[in-house]
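Commentary on secondary and tertiary structure
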Amino acid sequence: MGAQLNKIFDNAMNSSLFKNKAVLQANFVPESIPHRDAQVEQVAGILVPILRSERPSNLFVYGKTGTGKTLSVQYVRQELQKKAVELGVDIRIEYINCKLKKVADTEYRILAALIQQMGGKVAETGLPTEQVYSKFIEMIDDKKQVVIIIFDEIDQIIKKISDDFLYSLTRLNSELSKAQICLIGISNDVTFLENIDPRVRSSLGEEEIVFPPYNALQLQDILNERCKLAFKDGVVDDGVISKCAAFAAREHGDARRALDLLRIAGELSEREGSAKIDLKYIDAANDKIEKDKIFDIVSTAPKQFQLILYSILKLTREKKIESIFTGDVFNYYQDLCKRTHNEILTQRRISDIIGETDMLGLTNANVISKGRHGRTKEIKLAFADHLLDKIESILIESLGL
DNA sequence: AGGTATTCACATGAAACTATTCTCTGAGTTAGG
DNA sequence: TAACTCAGAGAATAGTTTCATGTGAATACCTGT
């Protein structure tokens, strides 16, 4: 009996296609970054003065998601730190991801996170902003040093807070007597710089580096490299890699997406006991990614949001009539709320929520004018038909209908 | 027929309000010396 | 006496309401032929 079980376990172990799955996960930092030599060099070139304890120029990095921005910057950071230890120079490079909600979506949460990372005592906040600032200054300014702060997804804080925050940071240098700080902003919104205070723009954008999207061939290289580490030999065909690359290239050359595809295709193959990764699993993986994304959004959305989405969904199904307008949704929604004893929000808010569904890609809502019959949004569901049932049941369950 | 004015049904903005969540403070409590 | 807990206070946030203003084009209304 025990032997038999063991056999099963052994089989399970052996049938694994993976050598090291972590290689395909998002936070893996490889030893080399293919096709990003130029960018890495630029970044390094700009930051290198820190090794002489001089303040590097502020740097602004942008490019679409999955173009290796974060990776390259992190890589340079690591190398700089190694080198600094070697040379006995004291440097500090802090990294903050502004996208992680818990970490930072407030001026002082960011500062608090920074302070904490630098070994300061935990969130110190009485009269918020002011005090945290002085605490922060105090911490940095205790000795002569250059501190580099990396803000990943920096556009997020600007959206959440205002650009005052960045302005105060850039101005902070004048308040520091011994230390100096240098800011690095990473953003995937290229238009982001255009919408911020010119003063901030000029100081943050002292240097700029653009990360272009990878093309399909480059993606293949990247995938190939990771495959060697991630999978056992002979598991992955060339065809598989080029297909993953092609899929991701279509999505603005997103390497992260390509790696996800590969990993999930691997997992699917493995689950089905296949000895190789078959092309068909890539399509399945692609579906799965899309699906998971949508399901996740839908199931974690706030109640009112779900109510609206449910209303749109129901209207789409019941009415075979061409298009749905804001007013229709609002009416259905009101009934729905009455039936289910939910609070009814104003039309103003509903309008905004519909806008949100559009932003998240769940619907397409376009403002159209029906002439004499007013202006409104024309709303259509944006996901594939075969997901409708599943989404409906998610909503029904989550709303307790 | 061709031009102009209206008008609808919301969109879009700004400001104010509300409930809830954080964090800190300081009083009161507890335990150890 | 130091450490610890816990209620209350002040501030921040997210979500929403209220008030105000904007808007594209189908239609109603002219106008002169």
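None of these values were measured; they are calculated from a predicted model. (Residues numbered from 1 in each chain as written. Chains lettered and ligands numbered in written order. Predicted model: local features only at pLDDT ≥ 70, side-chain atom pairs only at ≥ 80, totals over all residues. Heavy atoms only, no water.)

Things to note about helix H14 (residues 326–340)
Our working rule: Helix and strand definitions here come from DSSP, where helices need a minimum of 4 consecutive H or I residues and strands a minimum of 2 consecutive E residues; each element is numbered from the N-terminal end. Here, expected helix span is obtained from the residue count minus one, scaled by 1.5 Å. Relative accessibility under 20% of the residue-type maximum defines a buried residue, over 50% an exposed one, and the middle range a partly exposed one, all with a 1.4 Å probe and only protein chains included. Contact criterion: two residues are considered in contact whenever any of their non-hydrogen atoms come within 4.5 Å of each other.
With 15 residues, H14 extends 21 Å from end C-alpha to end C-alpha; this agrees with the ideal 21 Å at 1.5 Å per step. Looking at H14, one finds that the buried residues are Thr326, Val329, Phe330, Tyr332, Tyr333, Leu336 and Cys337. Of the surrounding secondary structure, the elements contacted by the buried residues of H14 are helix H13 (303–318), strand E6 (324–325), helix H15 (347–359) and strand E8 (375–381). In the stretch just after H14, histidine 341 is the one whose phi turns positive, near 55°.

Things to note about the nonpolar core
For clarity, the threshold we go by: Only buried residues count toward a nonpolar core, which is a set of Ala, Val, Leu, Ile, Met, Phe, Trp, Tyr and Cys residues joined through side-chain atoms within 4.5 Å.
Counting residues in each nonpolar core, the largest one holds 34 residues, and the members touching the most others are Ile294, Val298, Ile308, Val329, Leu362, Phe383 and Ile391. Per-element accounting of this core gives the leading share, eight residues, to H13. Setting aside residues up to four positions removed in sequence, isoleucine 294 forms contacts with Leu362, Phe383, Leu387 and Ile391. Ranked by size, the runner-up nonpolar core spans 32 residues in total, among them Val23, Val236, Phe247 and Leu259.

A short note on the pairing of strand E7 (residues 363–369)
Note the cut-off: Strands are treated as partners if at least two bridges between them are detected by DSSP.
Here seven bridges tie E7 to E8, and the two strands are oriented antiparallel to one another. Bridged to asparagine 364 within E8 is lysine 380.

Some points on the domain arrangement of chain A
The line we're drawing: An automatic or database domain assignment is the source of the domain bounds shown.
Domain assignment breaks chain A into domain 1 (37–210), domain 2 (214–296) and domain 3 (301–399). The distance between the C-alpha centroids of domain 2 and domain 3 comes to 34 Å.

So, the sheet that holds strand E4 (residues 180–187)
Heads up, the rule is: Here an angle of 0 to 180 degrees is reported between the N-to-C directions of two axes, which are lines fitted to C-alpha atoms, with helices fitted over the stretch in contact.
In spatial order, the strands read E2-E3-E4-E1-E5; together these five strands make up an open sheet with parallel pairing. Looking at strand neighbours, the two that pair on one side only are strand E2 (92–97) and strand E5 (207–211), the edges of this open sheet. Neighbour to neighbour, the strand axes of the sheet diverge by 15° on average, direction disregarded. Pairing of strand E1 (residues 59–63) with E5 involves five bridges; the strand directions are parallel. Looking across to E5, one finds that leucine 59 is bridged to glutamate 207. Here helix H2 (residues 37–47) sits on the sheet in contact with E1, strand E3 (146–152), E4 and E5, set at roughly 165° to E5. Strand contacts of helix H3 (residues 69–87): E1, E2, E3, E4 and E5, with the helix running at about 160° to E2, the strand carrying the most contacts.

Considering the confidence of the model for chain A
Inclusion rule: pLDDT is a per-residue confidence score from the predictor, ranging from 0 to 100.
Per-residue pLDDT for chain A has a mean of 82; in total, 83% of the residues score no lower than 70. At the low end of the mean pLDDT range in chain A sits helix H5 (residues 128–140), at 63; at the high end sits H15, at 95. Under a pLDDT of 50 for its full length, residues 123–128 has, in the predicted model, seven contacts with residues more than four places off or in other chains.

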